[in-house]
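Summary of structural features
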Amino acid sequence: MLAAQDEETAAHPARFSVVTDPSPSAPPSAAPGPTAAAGGKGRSAVGGGDGGDGPDRPSSPRRAGAWWRAERLMPRGLHAVAFVPLVALGLIVAVLAWKALPAIRYNGLGFFTHTRWSQGNLYAPLVTTHGVRHPPEASYGAVPLVVGTLVSSAIAVVLALPVAVGTALIVVEKLPPRLSAAVGFCMEVLAGVPSVIYGLWGFFTLGPFLSRLANAVWANHLPDVPVLRFFKGPTYGGQGLFTVGVVLAIMILPIIAATTRDLLRQVPRANVEGAVALGMTESEALGTVTLPWVRSGVIGATMLGLGRALGETIAVAMVSGSLVGAEPRSLYSSFGTIAATIVNQLDSALDDVSGLATATLAELALVLLVITLVANVGARLLVRQVATTVLPVGRGI
Amino acid sequence: MFTRSSATPIPVTVPSWRRTRRSGVVVLSALAASAVVLAACSSSPAKSAATTTSTTSAAASLSSLENWPTTSVSLQETGSSLLYPLFNLWTAQVQKEWPSVAITTASTGSGTGISAAAAGTVNIGASDAYLSPAQVQQYPGLENIPLAISGQEVAYNVPGVIGHLKLDGPTMASIYQAQISKWNDPKIAALNPGVTLPDIPIVTVHRSDSSGDTFLFSSFLTASDPSGWTIPPGTTVAWPNVAGAVAAQGNGGMVQACQKSTGCIAYIGVSYLNQVTAAGLGYASLKNKSGNFELPSQASIAAAAAQFATSTPASGSVSMIFGSAADGYPIVNYEYGIIPTKQPSALAAQAVKAVLAWAIDSNGGNAPTYLDQVNFVSLPSQVVSISTKLISQVHS
Amino acid sequence: MTMVSRVPVPPPGLVRRKTRNRLVWVGCGAALALVVVPVVSILVGVAGRALAHFHFSVLTTYPVGNAGGLLNSIEGTGVVVVGVMILSGAVGVAGGVYLAEYTRTGRGGFLRGASEVLSGVPSIVLGLVGYLALVIDLHWGYSVYAGIIVLAILVLPYVTKTTEVALRNVPTAYREGGEALGMRSGYALRKLVLRPALPGIATGLIIALAISVGETAPLLYTAGYSSRGPTFGLHDSPIGYLTYNVWTDYNQPSNLAHQRADAAALLLIALVLLLIVVARVVVMTTQRHSPDRPQRMGKRPT
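Before going further, it helps to spend a moment on the overall build of chain A. A count of helices and strands for chain A gives 13 helices and 4 strands. Out of the 397 residues in chain A, the part that is buried amounts to 60%. For chain A, long-range pairs separated by at least 24 residues make up 79% of all intrachain contacts whose partners lie at least 6 apart in sequence.

As structure tokens, then:
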């Protein structure tokens, strides 16, 4: 409708003229560009980028045409650029799947049932099985790594959730604004500290401290009951499941705490005041009114934190003892996670000239991708927008 | 690069006048010499000056290879953490005397040294382990050049023990397979009569990265206990599941991990002996093939290596583990420079040859001033000529 | 909350409930302490270890073996960060503009979903893919461009999201006014809508900066490492970065290397703190007069 006219026109910024098109939202037939491309999403925020913006007399027809063409192309260009994450995601999956093919063929389902991780005899001639060349006796099993990843992240969530919710509660309910700002600053620092620094701190400070703490308080005083045997025993030097769990908990605290804080502030005050007026103590009112209100959001944020803990690489590699092929037997033993193994073993994998070790690492990365994606997608279904402190929270490192 | 789908061997082109004496060298595969590359390589005046003197004799003289470029060139080295302290000493001296050559060093593990050299991302790879037959086949342009002789000690953190514990291969194989789990086990006590061993669990430490030290240690276990240790040696080994085991990155990481864990046992390169003692750890005397317990020292390492001086092949690849010298230390090895024979530029090739030639020169890098600081031993003259031949094959 | 009735006998269980209430708040206080203590420990620990041996020469010299400084890593981090901000800024802002202006909330469908899913991809997976695809298959070798591309993809969702949120916070009245005045939509976008959203977009870029400064895993196998200054060749141009020094040097048995690792850690912490402050300043000064001032943490507004 306006298309024919607008070929000749372009709005000069200083000139205003009567808008001949009465309806602000141009009908889809007017321009094929963004409205159609946006899948008929209806009235867009900027009144349609399709030329429904008033025909002004241009200063010169040629310039007007050029501007107008650029104008029409802009939403298309933006739309194309908006596809970049999708394309990147597709490329990631495609590259990993392609590179992992030999390993998938060779390892088969045993990858998820075996526990040994062996590159085989690298100094013997290569052999071929199932059409895949490999060093003899190569055998890869990811069970200890998957177990280590899931257990360490579970410990992190169990430790972080109550602490984060408690902190958010006290910040929103009790603290004066200055202290709240200070705690907010602490949250941002926790969110912003690079994971190498967490690893460094965990290795030199936290690990030995936790080892001494466990030794002093419970590790040597527990009865020898099968369930509790996990918590008993020598605490070694501090590089193990316990330290990793605590470090991961500290890393995912900001996500949960910040989201909880924002959600708590949205709880209608009247409900809480009503509960208190009925005679409940503050904590009872919180428990009956507030917490159920924020429950799904908090769970969503926790799952986001879980996603981050599952994918955490560097801090875990520095603090976990980096074992491959051993499930954690006690709370203090060294173990390996998928992400830490990939970063530690990639150099070793390159020694395997058949390429099977590198392919297996790609397969491992695929497994990790699936696990973290499940956690993240589940989280997004539960909470629409995770709170952001000024600095990033929620990144899946 | 290392996956089958993208494996491309590094092309090697050899000038025709060199082929006469090359029969024994593994690196040479029969590739047609490209005339263009020939012309390019031999057109640089520095190179032709260096190579014309060696046309007739098999062993190019070291000094002719030590032809330092005057234009500034930057080389990359990576790999073995065992060679790293010595390579840093060499780099510092090279930087001082010939400032045009700048070398970046990194300690990333022998496996990375090999793979980075194979991929061509570095000019010099360092490794304690020689190339495997599969790697030689895959990368015919790669050679391992002996640069020095080193060894490996077994360190432990056992409080209350004065002096050096005696250990042997079968005992350590049992330790690393969880068959012996405490320091006061009868098998260890039998080797160390009169020493009070505490009743603490053994914390085994091994390397998490791809390591030449792992290769040496696992080779030693295989050689000294073939029935008890059946895991094939390599730069990466599938360590059995032992309670309390710790993995550490690099020799430095091994020292740190052992220092932190009471009761640890760890295999560490001999260039870290000072750090080991400074950290309060002890190191063991190991039983060699003749049944004698030897401490790692330059004398015992030299004694073990002397036997192999004449039997080292022209490729440089030989295992000196568990040799037959009566007073030799059982874990001894050549430190290899893994060098792609085709360097990216003429300048780089010239610089690489100069650096390596200076390194194996007993008046240069193989002088006691450097080797004594890391407890290494210099190359015997027969091996020096082998290395010289290998170095002279580097070209661009 | 106390009982206001004058009945002299308190109802049964009140003491127990009040005790429980107090316990809950004590527990929350303990949680707060558990949050603050690690922050203090990290900051003081890192600063303490580093300041004990700090010389300013560490900022101006290149490393030589175990000794030397961090100049290569500082320059490298700077180069990488600038590259990431340019690349992710361009792509992220454009994507955010599209999502904000041409889609509806809740519907934007798979584009927005793809961006969120991308934010959940672990960084080592991105690093591995970058290594396999760029370094190996495309034969770039260790390359600063590979590192920048991988990091830009990592931070892209954050830039997109903050841009979109910032644009959506601009009242529709602005756009309607522009339309009423006859402006081209693109022009209205540039002149009317983007301006008020700039602080939000700037915050997004600061987030991108903070993430890329602190990342290790994606760069380890794409950018490699170099102890010289940055080179910009298309192939084989490895580059140093601060996190590599922390990751590697703490494992070396040399005290000099440890000191270098500590100095790098100090620089990283200082950068992060600086970025927090800058972001706060940006947000506070530009929204000082806005009616939509973000609520500060603390008591609810009445």
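Residue and element names in this part refer to chain B. The strand order β5-β10-β11 describes an open sheet built from 3 strands, whose pairing is mixed. At either margin of the open sheet sits one strand with a lone partner, and together these are β5 (166-167) and β11 (293-294). Relative to strand β10 (residues 285-287), β5 is paired through 2 bridges, and the arrangement is parallel. Each bridged residue has a counterpart across the sheet, and for L167 the counterpart in β10 is L286.

Okay, unusual backbone geometry next. Non-glycine residue A:H130 carries a positive phi angle of around 50°. Of note, A:H130 is situated in the loop between β2 (127-129) and β3 (132-134). One non-glycine residue, C:H139, lies in positive phi territory at about 60°. You can see C:H139 is positioned in the loop between α4 (123-137) and α5 (144-169). Owing to a relative accessible area of 46%, C:H139 belongs among the partly exposed residues under this scheme.

Further remarks concern the packing of aromatic side chains. Centre distance and the angle of the planes are the two values used to describe a pair of aromatic rings. This model, assessed by the stated rule, comprises 32 aromatic pairs over all chains. For the pair A:F203 and A:F204, a centre-to-centre distance of 5.0 Å together with 90° between the ring planes defines the contact as edge-to-face. With 6.2 Å between their ring centres and 80° between their planes, A:F204 and C:Y250 make a pair best called edge-to-face. With one member in each of two chains, A:F204 in helix α7 (residues 195-219) and C:Y250 in the loop between α9 (242-249) and α10 (255-286) form a pair that bridges those chains. In textbook terms, an aromatic cluster arises when at least three aromatic residues are bridged by ring pairs, as seen for A:Y123, B:Y130, B:F215, B:Y334 and B:Y336. Lying across the ring of C:W25, A:K174 places its NZ or CZ 4.9 Å from the centre. In this arrangement the basic side chain of B:K260 is found over the ring face of A:F203, its NZ or CZ atom lying 4.0 Å from the centre.

Now for the interface of chain B and chain C. Taken together, the contacts link 20 residues of chain B with 19 residues of chain C. For the pair chain B and chain C, the summed buried surface comes to about 1,600 Å²; carbon and sulfur atoms form 50% of the total. The tally of links between chain B and chain C comes to 0 salt bridges. At the boundary of chain B and chain C, one finds 2 residue pairs in polar contact (both at pLDDT 80 or more).

Contacts between the two partners involve 98 residues from chain C, matched on the other side by 117 residues from chain A. Joining chain C to chain A, the criterion identifies 4 salt bridges. In this structure, C:R17 and A:E284 form a salt bridge, with 2.8 Å as the shortest nitrogen-oxygen distance. For the side of chain C that touches chain A, the element with the most residues is helix α1 (residues 14-52) of chain C, which contributes 19 residues. Residues belonging to the side of chain C that touches chain A are distributed by class as follows: 60 nonpolar, 20 polar and 18 charged.

Scanning the model with the defined rule gives 1 disulfide over all chains in all. Disulfide partner of B:C258: B:C264, at an S-S distance of 1.5 Å. By relative accessible area, which is 0% here, B:C264 ends up buried. Here C:C28 stays unpaired: no disulfide links it, and the sulfur of A:C186, its closest cysteine neighbor, is 17 Å away. On the accessibility criterion, C:C28 (5% relative accessible area) is buried.

A few words on the pairing of strand β8 (residues 264-269) of chain B. Residues and elements named next belong to chain B. For β8, the buried fraction is high: 6 of the 6 residues fall into the buried class. By the alternation rule, side chains of β8 split into C264, A266 and I268 and I265, Y267 and G269, which are all buried. Pairing of strand β6 (residues 203-207) with β8 involves 2 bridges; the strand directions are parallel. By the bridge assignment for β8, V203 is matched with C264.

In this section: the confidence of the model for chain A. On average, chain A scores 80 in pLDDT, and the residues at 70 or more come to 80%. A low-confidence stretch, residues 387-397 of chain A (pLDDT under 50), is modelled with 46 contacts involving residues beyond four sequence positions or located in other chains.

Let us now look at a nonpolar patch on the surface. A surface patch of nonpolar side chains, about 300 Å² in accessible area, is lined by A:W98, A:L101 and A:I104. As for its placement among the helices and strands, A:I104 is situated in helix α4 (residues 84-107).

For the rest of this paragraph, the subject is the nonpolar core. Counting residues in each nonpolar core, the largest one holds 187 residues, and the members touching the most others are A:L96, A:Y198, A:I338, A:L364, C:V125, C:Y131 and C:W247. With 16 residues, helix α8 (residues 241-266) of chain A is the largest single contributor of residues to this core.

Residues and elements named next belong to chain C. Inspection of the secondary structure assignment puts S143 in the loop between α4 and α5. In this structure the side chain of S143 is engaged in a polar contact, spanning 3.0 Å, whose partner is the backbone nitrogen of Y145. Ignoring any residue separated from it by four or fewer positions in sequence, one finds S143 in contact with T222, A223, L234 and S237.

Residue and element names in this part refer to chain C. The terminal C-alpha atoms of α4 lie 20 Å apart, and with 15 residues this matches the ideal 21 Å at 1.5 Å per residue to within 8%. Maximum bend of α4: about 30°, positioned at Y131. Buried residues dominate α4, accounting for 14 of its 15 residues.

Residue and element names in this part refer to chain C. Running from N to C, helix α2 (residues 71-101) and α5 point in directions that differ by 35°, and their axes come no closer than 6 Å. Crossing handedness for the pair α2 and α5: right-handed. Its residues assigned to classes, the contact of α2 with α5 shows 18 nonpolar, 8 polar and 3 charged.

Residue and element names in this part refer to chain B. Mean pLDDT over chain B works out to 85, with 85% of the residues at or above the 70 mark. Confidence drops under a pLDDT of 50 for residues 1-20, and excluding neighbours within four residues, the segment shows 55 contacts in the predicted structure. The complex prediction reports pTM at 0.83, with the ipTM value standing at 0.88.

Considering all chains together, one arrives at 17 salt bridges over all chains under this definition. The partner of A:K174 in a salt bridge is A:E282, and the shortest N-O contact between them spans 2.8 Å. With A:K174 in the loop between α5 (143-173) and α6 (177-192) and A:E282 in helix α10 (residues 282-311), this pair connects stretches of sequence that are 108 residues apart. Residue classification places A:K174 among the partly exposed residues on the basis of a relative accessible area of 37%. Classification of A:E282 as partly exposed rests on a relative accessible area of 30%. Across the pair C:E101 and C:R175 runs a salt bridge whose closest N-O atoms are separated by 2.9 Å. Placement of the pair is C:E101 in helix α2 and C:R175 in helix α6 (residues 172-180), with a sequence separation of 74 residues. Side by side, C:E101 and C:R175 carry an identical accessibility label, which is buried. Beyond isolated ion pairs, a larger network of salt bridges with shared partners links A:E284, C:R17 and C:R20.

Here is what the cut-offs are and how they apply
- Residues numbered from 1 in each chain as written.
- Chains lettered and ligands numbered in written order.
- Predicted model: local features only at pLDDT ≥ 70, side-chain atom pairs only at ≥ 80, totals over all residues.
- Heavy atoms only, no water.
- Helix = DSSP H or I, 4+ residues; strand = E, 2+ residues; numbered from the N terminus.
- Buried < 20%, exposed > 50% of the residue type's maximum accessible area, 1.4 Å probe, protein only.
- Contact = heavy atoms within 4.5 Å.
- Pairing = 2+ DSSP bridges.
- Phe/Tyr/Trp six-rings, centres within 6.5 Å; stacked < 30°, edge-to-face > 60°.
- Lys NZ or Arg CZ within 6 Å of the ring centre and 35° of its normal.
- Buried area = accessible area lost by both parts, 1.4 Å probe.
- Salt bridge = Lys/Arg side-chain N within 4 Å of Asp/Glu carboxyl O.
- Polar contact = N/O pair within 3.5 Å; in protein donor to acceptor, adjacent residues only side chain to side chain.
- Nonpolar A, V, L, I, M, F, W, Y, C, P; charged D, E, K, R; others polar.
- Disulfide = S-S within 2.5 Å.
- pLDDT = per-residue confidence, 0-100.
- Patch = residues over 30% accessible without salt bridge, like charges linked within 9 Å, V, L, I, M, F, W, Y side chains within 5 Å.
- Areas by Shrake-Rupley, 256 points an atom, 1.4 Å probe, with all protein chains shown as cover.
- Core = buried A, V, L, I, M, F, W, Y, C linked by side-chain atoms within 4.5 Å.
- Expected span 1.5 Å × (residues − 1).
- Bend = angle between axes of the 7 residues up to and from the residue.
- Axes fitted to C-alpha atoms, helices over the stretch in contact; angles between N-to-C directions.
- Left-handed = near helix turned anticlockwise from the far one by under 90°.

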